[in-house]
Amino acid sequence: MKELTIAERCAIPRHSMPHQNPKERIRNFNEVALGWDRETAMEEAQRCLLCKNPQCVVNCPAEIDIPGFIREIAQGEFLEAARILRASSALPAVCGRVCPQETQCELTCVMGKKHEPVAIGRLERFASDYALFEEELPV
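Treat the numbers as computed from the prediction; the structure is a model and nothing was measured.

A. Local environment of the packing of aromatic side chains. By the definition in use, this model includes 3 aromatic pairs. With a centroid separation of 5.0 Å and an interplanar angle of 85 degrees, the aromatic rings of Phe 78 and Phe 126 are classed as edge-to-face. Of this pair, Phe 78 sits in helix α6 (residues 78–88) while Phe 126 sits in helix α8 (residues 120–133), and the two are 48 residues apart along the sequence. Note on Phe 126: relative accessible area 3%, which makes it buried. Consider the rings of Phe 126 and Tyr 130, whose centres lie 6.1 Å apart with planes at 35 degrees: the pair is tilted. Here Tyr 130 and Phe 126 lie together in helix α8, a separation of 4 residues that amounts to about one turn. In terms of burial, Phe 126 and Tyr 130 fall into one category: buried. Taken together through their ring pairs, the aromatic side chains of Phe 78, Phe 126 and Tyr 130 make up a single cluster.

Printed below as a string of structure tokens:
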């Protein structure tokens, strides 16, 4: 994969999370947020500037190697990303859903100074779900 310049990374818009249609979700107990497919996760991961002094890690209570796991997602190494997450967190799939990233790691994301911050929590959820349900995730 070609290494992107900072300008190219900044040009990628932050990806939204697809949600269940309200008409469907009133009839079930499934999660409202549906998660990302591989392509979306990789593109969002490419937004990360891979800072030399990552403030996102400093502001993470679990001190997760955020640039490390995001780099692996960008390269399509989803199981390696999950391994990095599990090295610091016993419940990365839960944290990817309920941790208040917007007031912690994403708050200090350098990308967020001029653009939308990298969706760190959504990427954490993706990598964790991939490791748990590898065959069931959308392509």
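Text resumes after the structure shown.
B. Representation of helix α3 (residues 38–45) in the model. All of the buried residues in α3 are Thr 40, Ala 41, Glu 44 and Ala 45. Looking straight down α3, one finds that the buried residues subtend no more than 130 degrees of arc, so they occupy a single side. Residues of α3 that are buried sit in contact with α5 (66–74) and α8.

C. Summary view of the pattern of salt bridges. Counted by the stated rule, this structure contains 8 salt bridges. With a closest N to O distance of 3.5 Å, Glu 31 and Arg 125 form a salt bridge. Of the two residues, Glu 31 sits in the loop between α2 (22–25) and α3 while Arg 125 sits in helix α8, which places them 94 residues apart along the sequence. We classify Arg 125 as buried; its relative accessible area is 7%. Between Arg 47 and Glu 44 there is a salt bridge whose closest N-O contact spans 2.8 Å. The pair Arg 47 / Glu 44 is uniform in exposure class, with both members buried. Among the ionic contacts, a cluster of salt bridges with common partners joins Glu 31, Arg 97, Arg 125 and Asp 129.

D. Quick peek at the packing of α3 against α8. Running from N to C, α3 and α8 point in directions that differ by 140 degrees, and their axes come no closer than 10 Å. In this view, α3 runs oblique relative to α8, as classed from their interaxial angle. When you trace α3 past α8, the crossing you get is left-handed. Where α3 approaches α8, its residues Arg 38, Ala 41, Glu 44 and Ala 45 are matched on the opposing element by Leu 123, Phe 126 and Tyr 130. Here the residues of the contact of α3 with α8 sort into 5 nonpolar, no polar and 2 charged.

E. Broad picture of the state of the cysteines. Enumeration according to the criterion identifies 0 disulfides in this entry. Free of any disulfide, Cys 99 has its nearest cysteine sulfur in Cys 95, 5.7 Å distant. This cysteine, Cys 109, is not joined by any disulfide, and Cys 56 carries the nearest cysteine sulfur, 6.5 Å off.

The rules behind these values
- Residues numbered from 1 in each chain as written.
- Predicted model: local features only at pLDDT ≥ 70, side-chain atom pairs only at ≥ 80, totals over all residues.
- Heavy atoms only, no water.
- Phe/Tyr/Trp six-rings, centres within 6.5 Å; stacked < 30°, edge-to-face > 60°.
- Helix = DSSP H or I, 4+ residues; strand = E, 2+ residues; numbered from the N terminus.
- Buried < 20%, exposed > 50% of the residue type's maximum accessible area, 1.4 Å probe, protein only.
- Arc of directions from axis to C-beta.
- Contact = heavy atoms within 4.5 Å.
- Salt bridge = Lys/Arg side-chain N within 4 Å of Asp/Glu carboxyl O.
- Axes fitted to C-alpha atoms, helices over the stretch in contact; angles between N-to-C directions.
- Parallel < 35°, antiparallel > 145°, perpendicular 65-115°, else oblique.
- Left-handed = near helix turned anticlockwise from the far one by under 90°.
- Nonpolar A, V, L, I, M, F, W, Y, C, P; charged D, E, K, R; others polar.
- Disulfide = S-S within 2.5 Å.

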